[in-house]
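Report on the structure
The residues making up each chain are set out below.
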Amino acid sequence: MPAGHVDALDGVRALAAIAVLVFHVAIESAAALHDNFFSSLLARGDVAVPIFFALSGLLLYRPYARAALLGERPPSTRVYLVKRALRILPAYWLVVVAAMTLWAGPHLGDVKTWLQLLLLGQTYEIHPWWFGLGPRGLAQMWSLCVEAAFYVLLPLVAAVLAAYARRGGPDLGRRARRLLTGVAVLAASSFAWALLTYFPVYRPYLNTWLPRAWVFFAIGMALAVVSEWARQETREDGPAHRFVRAAGASAGSFLLVAALAYAVAASPLTGTRFSGVDGVWADLSELALYATVAAGLVTPAALLPAGGSPYGRFLGSRVMRFLGRVSYGVFLWQFVALYLWYDFTEQRPWSGNFAGNLVVVGAFTLLLATFTHRYVEEPARRLALRATSSRRGTRRGTQTETETEISSQKARATGKETETAASPRP
């Protein structure tokens, strides 16, 4: 299992970004709305969101898991939150301003709307003026609101899990098992939340709040615990080592399970799409199946064998790494690119031409994403390094984090991001 940066995780992020772009173009062109199996597959492209959540759980919880297992101090909450804010907000704010200026003229003077959007609180507006999940061009940002809630709560959740792990004593394996138990409780809470959403009456806005998504973040968090446990485990035949070796040797099996779960999710078991609510059992089935897909794709990429695998080499290819680096911009800009294209060509929604629109919208989105990555995301990242390096606490902590950031900068200079700096792209 590799330590440090894992190129394959960039590739997984790229796959998820492509999937969510295809999904949105398929909806707008009506390709995902027909009554056939291919349309059903397209209609389930929103499974990319749980994949993004699982990646965030893995990458962001890993330092906390390491600290909990070794009995060390957790990462600085101030440094962590400053980095997260500067990582996601500047590019997001740019897109918000663009979309609001283009399509929300009557509401440009609405201070409440601006505060909700800029602070990622629009999903908590129960009676919004916009239709759907957000103002025109910003509907996909609901998942970024979920990510932001996860960022804010992660240090607290990690502290609770670490306290529970410490009660298991100094034994590494016992602490790891306690962390995994706590993560499993988080995962189970999503299903309890789904029940709460439907009873006593159906409240659809609860579907876009963090509690429903804990199961997806928990997948990544569990992988973070297992990977750190395996790194610290001294016995080669220990349980963590055995699991990592088995997972690394079973990439094909994980992918097959993910594919089968996706196919089942495209069936009537999870309900009809975009035509109302089928009920709580369809919702619970979707949660379980989407979690299975996310686990099936992320696990073999996160726990690669020492010699690599065909799946890992594909995900770590130059093209996939590039798409992974700009995938946050792809997520941010895709609806703006789509609606600008539709306005320019005077196309009406659900009027067809899925393939042609996908090519043009995909190219336009990629262009905007590349521009944003270079001129907004990277400068903001450098600003975050300067803002957090001046006040790092102890001399030892400062030296360690500075060395990490220097390593990160060198990696980016060769086209690779460090795993600890990887960004969320819901």
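These numbers come from a predicted model, not from an experiment. (Residues numbered from 1 in each chain as written. Predicted model: local features only at pLDDT ≥ 70, side-chain atom pairs only at ≥ 80, totals over all residues. Heavy atoms only, no water.)

The next thing to look at is the overall build of the protein chain. Secondary structure assignment for the protein chain yields 16 helices and 0 strands. With 426 residues in all, the protein chain has 54% of them scored as buried. With an accessible surface of roughly 19100 Å², the protein chain has 66% of that area assigned to carbon and sulfur atoms. (Helix = DSSP H or I, 4+ residues; strand = E, 2+ residues; numbered from the N terminus. Buried < 20%, exposed > 50% of the residue type's maximum accessible area, 1.4 Å probe, protein only. Areas by Shrake-Rupley, 256 points an atom, 1.4 Å probe, with all protein chains shown as cover.)

Okay, unusual backbone geometry next. The omega torsion of the bond from phenylalanine 199 to proline 200 falls at 5°, within 30 degrees of zero and hence cis. With respect to the helices and strands, the residue proline 200 is situated in the loop between α7 (172-198) and α8 (210-232). For tryptophan 350, which is not a glycine, the phi torsion comes out positive at approximately 60°. On the secondary structure map, tryptophan 350 appears in the loop between α14 (327-345) and α15 (354-389). For tryptophan 350, a relative accessible area of 57% gives the class exposed. Phi is positive for asparagine 353, close to 60°, though the residue is something other than glycine. With respect to the secondary-structure elements, asparagine 353 resides in the loop between α14 and α15.

Attention shifts here to the nonpolar core. Tyr61, Tyr92, Leu144, Phe150, Met221 and Leu332 are the most contacted members of the largest nonpolar core, which totals 123 residues. When residues no more than four places from it in sequence are discounted, the contact partners of tyrosine 61 are Ser56, Leu154, Ala158, Leu161, Leu179, Met221, Ala224 and Val225. (Core = buried A, V, L, I, M, F, W, Y, C linked by side-chain atoms within 4.5 Å. Contact = heavy atoms within 4.5 Å.)

Its 23 residues give helix α11 (residues 280-302) an end-to-end C-alpha distance of 32 Å, which sits within 8% of 33 Å, the value for a rise of 1.5 Å per residue. The element α11 is largely enclosed, with a buried count of 18 among its 23 residues. (Expected span 1.5 Å × (residues − 1).)

Their axes nearest at 10 Å, the elements helix α13 (residues 318-325) and α15 cross at an angle of 70°. Viewed along their axes, α13 and α15 adopt a mutual orientation that is roughly perpendicular. Seen from α13, the contacting residues are Phe322, Leu323 and Arg325; seen from α15, they are Leu366, Thr370, His373 and Glu377. Residues that form the contact of α13 with α15 fall into these classes: 3 nonpolar, 2 polar and 2 charged. (Axes fitted to C-alpha atoms, helices over the stretch in contact; angles between N-to-C directions. Parallel < 35°, antiparallel > 145°, perpendicular 65-115°, else oblique. Nonpolar A, V, L, I, M, F, W, Y, C, P; charged D, E, K, R; others polar.)

Below, the discussion takes up the side chain of glutamine 116. For glutamine 116, the location among the structural elements is in helix α5 (residues 111-118). In this structure glutamine 116 touches Gly121, Gln122, Glu125 and Trp130, once residues within four positions along its chain are discounted.

The next thing to look at is the environment of valine 79. Tracing the sequence through the fold places valine 79 in helix α4 (residues 77-103). Taking C-alpha positions, valine 79 is 5.7 Å from threonine 388, a pair spaced 309 residues apart along the chain.

What follows concerns the confidence of the model for the protein chain. Taken as a whole, the protein chain shows an average pLDDT of 89; of its residues, 89% reach a score of 70 or greater. Contacts from residues 393-426, a stretch scored under 50 in pLDDT, to residues over four places away or in other chains number 72 contacts. (pLDDT = per-residue confidence, 0-100.)

Attention now moves to the pattern of salt bridges. Pairs can form between side chains of opposite charge whenever their charged atoms are close. Taken as a whole and assessed by the stated rule, the structure comprises 13 salt bridges. Between arginine 44 and glutamate 286 there is a salt bridge whose closest N-O contact spans 2.8 Å. Remark: glutamate 286 occurs in helix α11 and arginine 44 occurs in the loop between α2 (37-43) and α3 (48-70); sequence separation between them is 242 residues. Side by side, arginine 44 and glutamate 286 carry an identical accessibility label, which is buried. Arginine 212 is the partner of aspartate 283 in a salt bridge, and the nearest nitrogen-oxygen pair spans 2.3 Å. Taken as a pair, aspartate 283 in helix α11 and arginine 212 in helix α8 lie far apart in primary sequence, 71 residues in all. Each member of the pair, aspartate 283 as well as arginine 212, is classed as buried. Salt bridges sharing common partners tie together Arg44, Arg212, Asp283 and Glu286. (Salt bridge = Lys/Arg side-chain N within 4 Å of Asp/Glu carboxyl O.)

Below, the discussion takes up the packing of helix α1 (residues 7-29) against α13. Where α1 contacts α13, the axes come no closer than 7 Å and their chain directions differ by 65°. One finds that α1 runs roughly perpendicular with respect to α13. Of the two possible hands of crossing, α1 and α13 adopt the one that is left-handed. The segment α1 lies against α13, with Asp7, Asp10, Gly11, Arg13, Ala14, Leu15 and Ile18 engaging Met320, Arg321, Leu323 and Gly324. Partitioning the contact of α1 with α13 into residue classes produces 5 nonpolar, 2 polar and 4 charged. (Left-handed = near helix turned anticlockwise from the far one by under 90°.)

Glancing now at α4. Spanning 27 residues, α4 covers 37 Å between terminal C-alpha atoms, matching the ideal 39 Å at 1.5 Å per step. Along α4, the sharpest kink reaches roughly 30°, centred on leucine 89 and followed within four residues by the proline proline 90. (Bend = angle between axes of the 7 residues up to and from the residue.)

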